[in-house]
Amino acid sequence: MTKEKQEVVRIDQLVEELNEHSYRYYVLSQPTISDAEYDQLFRELQALEAAHPEHVRAESPTQRVGAKPLEGFATVQHRLPMLSLDNAMNEQELLDFDEQVRRLLAKDGHDGGEIEYTVEFKFDGVAVSLLYEDGRLKQAATRGDGTTGEDVTSNVRTIKAIPLKVRAAKPPQGLLEVRGEVLFRKKEFDALNEERQARGEESFANPRNAASGSLRQLDPQETAKRPLWFFSYGVGIVDSSTKGISDLARQPLAHAMKVVESLGFSISPGYRVVKGAVQLAEAYRAAEAERDSLPFEVDGIVIKVNDVALQGRLGFRQRSPRWAVAAKFKPVEAVTVLEDIIIQVGRTGALTPVAILKPVRVGGVVVSRATLHNQDEIERKGLLIGDTVVVRRQGDVIPAVVAAITTSRTGKERRFVFPTKCPECNTPVQREEGEAVARCANGHCPAKLHNRLVHFASRDAMDIEGLGDKMVGLLVEHSLVKDLPDLYSLKVEALQELPRMGELSSKNLVGSIQGSKGRPLDRFIFALGIRHVGSKTGQVLARHCQTVERFLTLSEEELLLIAEVGPETARSVAEFLGEGYSQKLVHGLLDHGVAPAPVVVDTSKAGALTGQSFVLTGTLSGMSRKEAEEMILDRGGKVSSSVSKKTSYVVAGESPGSKLDAAKKLGVSVLSEEEFSALLR
Ligand code: IVH
């Protein structure tokens, strides 16, 4: 063999060997060589590759970092939607889930016997889809809104727990999509925050945000510095000609996951299959007991029906499968001191009392603030400043002060006096009859602008990475932004002038602001911060209007005709749209290039019930009231709460109420649940 040939053979050998060591370290947690030995092999490979650049392999560990910074992220259309999960909040709800599964299947001819479920942890990170072609990583995307995500391939390539080439003697031919969660481990999260604090940077609120922020860096070199991990929880599209892979999507889930594991991916520790309700409950308790000993944060377990044929029969709701559920763990509590109560002025001018707590770790997250909602709440709980209090946190939910431990009082505690003037602009506050909330009535209150911007940029709204509370504070303070549209004319040069903003972070920010222009209409509507319009109402309105132009023309009357919109919301939206200022604001955003993606209604189903109105009464066994309503709305129908001559159908479930009598009296057609299901099909 010539020297050249030998070196090329050595390159291949080193790539294999180094990748095997990565696998042992990141997936098996059983390294067999020291870091120093690994580095030595890595450097040998680098030297050989430098001498033979034409023999650098795509899956070489030297090729994880190296891609150039991006201007922004391209979007990726998921071939199969990335769904979310319904929650069970305790053991009883988990058992209810099992019961519902059996009931639905029994109606479909199943023998009613015990069901097999897979059990795995619910990771608290960021969902990603990894697309492998002929065994090589081709594309990585975030979940996004479930249909469209962001292309984060260059960043994902830097994650060592993700193989660039799957582990197999013969790489599987064709497409294989592995799905899972990118996450931060607890100790590395703490270290990252310590470093950031030392540098005077904002710390991440939790490991999930840290993972998300790291994955969405425009410069892969930055992502490479973050110790991210990956756990797979499923497969997406499988279009392979390789035996054992081609039928992966039809195999029992647990089998598919074993194959995924054998291809070099980590799956949930303790992944297993259980049968029936008793084992399910046992697994839930066992997992909860294990929670604190895990190196990463979990907030529950995920249960999935193991048999794929049964999954098919159970089907889906709007956004989540009926064959899976996330069973959340009990909220975690801690005891600390209520050091002070301050007032925050929200984007709608609402004055919210916030508890300032002696920092305390609650389930892996340090909590130093908790909302107290309003004045009445403080009085109801009898909280005094200086009290020892119990703080609770569950999953995503904002931490809450549960109660004061009155036996710990020393007599030095003091009552909190609610202000009569806005603490930000000194305008007298107003509290309307029957409302718990006091508000600042000043339209130009600087705190409102600040919070409107924070809300606008938030995760469920326009999702602008890097535009958090501190950044907004800087922009407002330096008068770079006077209203929402100004965001879109921010220039890198101007941002660079701000304290602690470098060229890269300025570019990143401008990139993520510009990247938000095409967010779907529902998020845009939610982002406007209209009172009573949450994320869900944003979706309802977007589905109704489909385009932003149409949204701007909504009247209170029309809003009231939308089944899921109550009178308070209708009034609030109509008031908002009626103000010249709001119209100017929305047009200002559009003029700056914001172009909310219109909502596409599934045309295969849409229109089937157009012009027909439904009233639901009694309990449906196969779907919840909400699901039934959504299915009617999806198909262009209307749902109303009272029966009139104009009602097309009354759907009567078990133990129907007086609406059934009304239907009979008015001669309105009555549908059984079966007839209703048939109509939907
Ligand atoms: S399965 C068909 N399994 O939870 C179900 N999801 O609420 C699709 N997640 O977007 C998801 N751990 O980011 C599944 N073991 C697990 C999970 C998991 C965390 C996240 C995932 C998903 C969200 C759904």
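Residues numbered from 1 in each chain as written. Predicted model: local features only at pLDDT ≥ 70, side-chain atom pairs only at ≥ 80, totals over all residues. Heavy atoms only, no water.

Before going further, it helps to spend a moment on the overall build of the protein. Within the protein, the regular secondary structure consists of 24 helices and 22 strands. A compact globule built from 681 residues would reach a C-alpha radius of gyration of about 26 Å, and the protein, at 28 Å, matches this within 12%. Seen through its C-alpha atoms, the protein measures out along the principal axes to roughly 90 × 65 × 60 Å. Within the protein, buried positions represent 48% of all 681 residues. At a minimum sequence separation of 6, the contacts of the protein that also span at least 24 residues come to 68%. Carbon and sulfur atoms form 50% of the exposed surface of the protein, whose accessible area is close to 32,500 Å². The protein carries 88 positive and 94 negative side-chain charges, and their two centres are separated by 1 Å. (Helix = DSSP H or I, 4+ residues; strand = E, 2+ residues; numbered from the N terminus. Rg over C-alpha atoms; globule rule 2.2 N^0.38 Å. Buried < 20%, exposed > 50% of the residue type's maximum accessible area, 1.4 Å probe, protein only. Contact = heavy atoms within 4.5 Å. Areas by Shrake-Rupley, 256 points an atom, 1.4 Å probe, with all protein chains shown as cover. Lys, Arg positive; Asp, Glu negative; His and termini not counted. Charge placed at Lys NZ, Arg CZ, Asp CG, Glu CD.)

It is worth spelling out the packing of aromatic side chains at this point. Tallied over the entire structure, the rule returns 15 aromatic pairs. Ring centres of F416 and F418 lie 6.1 Å apart, and the angle between their planes is 80 degrees; this geometry places the pair in the edge-to-face category. Taking the relative accessible area as the measure of exposure, F416 reaches 14% and is therefore buried. Looking at F418, the relative accessible area reads 12%, which means it is buried. Taken together, the ring pairs connect Y25, Y26 and W229 into an aromatic cluster. The ring of Y23 carries R167 above its face, with NZ or CZ at 3.9 Å from the centroid. (Phe/Tyr/Trp six-rings, centres within 6.5 Å; stacked < 30°, edge-to-face > 60°. Lys NZ or Arg CZ within 6 Å of the ring centre and 35° of its normal.)

Take the pattern of salt bridges next. For the coordinates displayed, the defined rule picks out 35 salt bridges. Close ionic contact of E16 with R57 constitutes a salt bridge, the shortest N to O distance being 3.3 Å. With a gap of 41 residues between them, E16 in helix α1 (residues 3-26) and R57 in the loop between α2 (35-51) and β1 (75-77) connect regions that are remote in the sequence. Classification of E16 by relative accessible area gives partly exposed; the value is 44%. Note that D463 is salt-bridged to R216, the shortest N-O span being 3.4 Å. (Salt bridge = Lys/Arg side-chain N within 4 Å of Asp/Glu carboxyl O.)

Near the ligand lie 15 residues; those nearest to it are L85, F121, F123, A127 and E181. Within the contact set of the ligand, a nitrogen atom lies 3.4 Å away from a side-chain nitrogen or oxygen of E120. Contact distances for the ligand include 2.6 Å between an oxygen atom and a side-chain N or O atom of E181. Looking at the shell around the ligand, the element that brings in the most residues is strand β3 (residues 116-123), giving 4 residues. In terms of residue class, the shell around the ligand is built from 9 nonpolar, 1 polar and 5 charged. (Near = heavy atom within 4 Å. Polar contact = N/O pair within 3.5 Å; in protein donor to acceptor, adjacent residues only side chain to side chain. Nonpolar A, V, L, I, M, F, W, Y, C, P; charged D, E, K, R; others polar.)

This paragraph deals with the sheet that holds strand β20 (residues 638-640). A sheet is described by the order of its strands in space; here 4 strands give the open sequence β20-β19-β21-β22, paired in parallel fashion. The open sheet is flanked by β20 and β22 (669-671), the only strands paired with a single partner. Here the average twist between neighbouring strands, direction ignored, is 35 degrees. The pairing of strand β19 (residues 613-617) with strand β21 (residues 649-652) spans 4 bridges and is classified as parallel. Pairing of L616 across the sheet is with V651, part of β21. Helix-sheet contacts for helix α23 (residues 658-666) involve β19, β21 and β22, and the interaxial angle to β19 is about 135 degrees. Packing of helix α24 (residues 673-680) onto the sheet brings it into contact with β19, β21 and β22, and relative to β22 it is tilted by some 90 degrees. (Pairing = 2+ DSSP bridges. Axes fitted to C-alpha atoms, helices over the stretch in contact; angles between N-to-C directions.)

What follows deals with the packing of helix α3 (residues 91-107) against helix α9 (residues 276-290). The geometry of a pair of packed helices is captured by two quantities: the angle between their axes and the separation between those axes. With their axes 10 Å apart at the nearest point, α3 and α9 run at an angle of 145 degrees to one another. When the axes of α3 and α9 are compared, the crossing they make is right-handed. Mapping the contact onto sequence places E91, L94, L95 and D98 in α3 and A277, L280, A281, Y284 and R285 in α9. (Left-handed = near helix turned anticlockwise from the far one by under 90°.)

Another point: the sheet that holds strand β11 (residues 324-328). Sheet strands associate in pairs through backbone hydrogen bonding, adopting either a parallel or an antiparallel arrangement. Spatially, β2-β11-β10-β3-β9 is the arrangement adopted by the 5 strands of the open sheet, whose pairing is mixed. Both outer strands of the open sheet, β2 (87-88) and β9 (272-275), are each paired with one neighbouring strand and no more. Examined bridge by bridge, β3 and strand β10 (residues 298-305) share 7 bridges and lie antiparallel to one another. When the bridges of β10 are listed, F123 appears paired with V298. Its contacts with the sheet put α9 on β3, β9, β10 and β11, and the angle it makes with β9 is roughly 140 degrees.

The first and last C-alpha atoms of α3 sit 25 Å apart over 17 residues, in line with the 24 Å expected at 1.5 Å per residue. Where α3 begins, the side chain of N90 points an oxygen toward the backbone nitrogen of Q92, at a separation of 3.2 Å. (Expected span 1.5 Å × (residues − 1).)

The buried count for strand β8 (residues 229-240) comes to 9 of 12 residues, which makes it a mostly enclosed element. Both strand β7 (residues 174-183) and β8 contribute to a ladder of 9 bridges, which runs antiparallel. What sits directly across from L175, in β8, is D239.

Here S572 lies in helix α20 (residues 567-578). Among the residues examined, S572 registers a relative accessible area of 11% and is labelled buried. Each residue touching S572, except ones within four places of it in the same chain, is listed here: I530, R531 and H532.

With that out of the way, let us pick up unusual backbone geometry. Of all residues except glycine, most have a negative phi; of all peptide bonds, most are trans. Of note in this structure, S29 is not a glycine but carries a positive phi near 55 degrees. Here S29 is to be found in the loop between α1 and α2. A positive phi angle, near 50 degrees, is found at D134, a position not held by glycine. Locating D134 in the fold gives a position in the loop between β4 (126-133) and β5 (136-142). Under the relative-accessibility criterion, D134 is labelled partly exposed at 30%.

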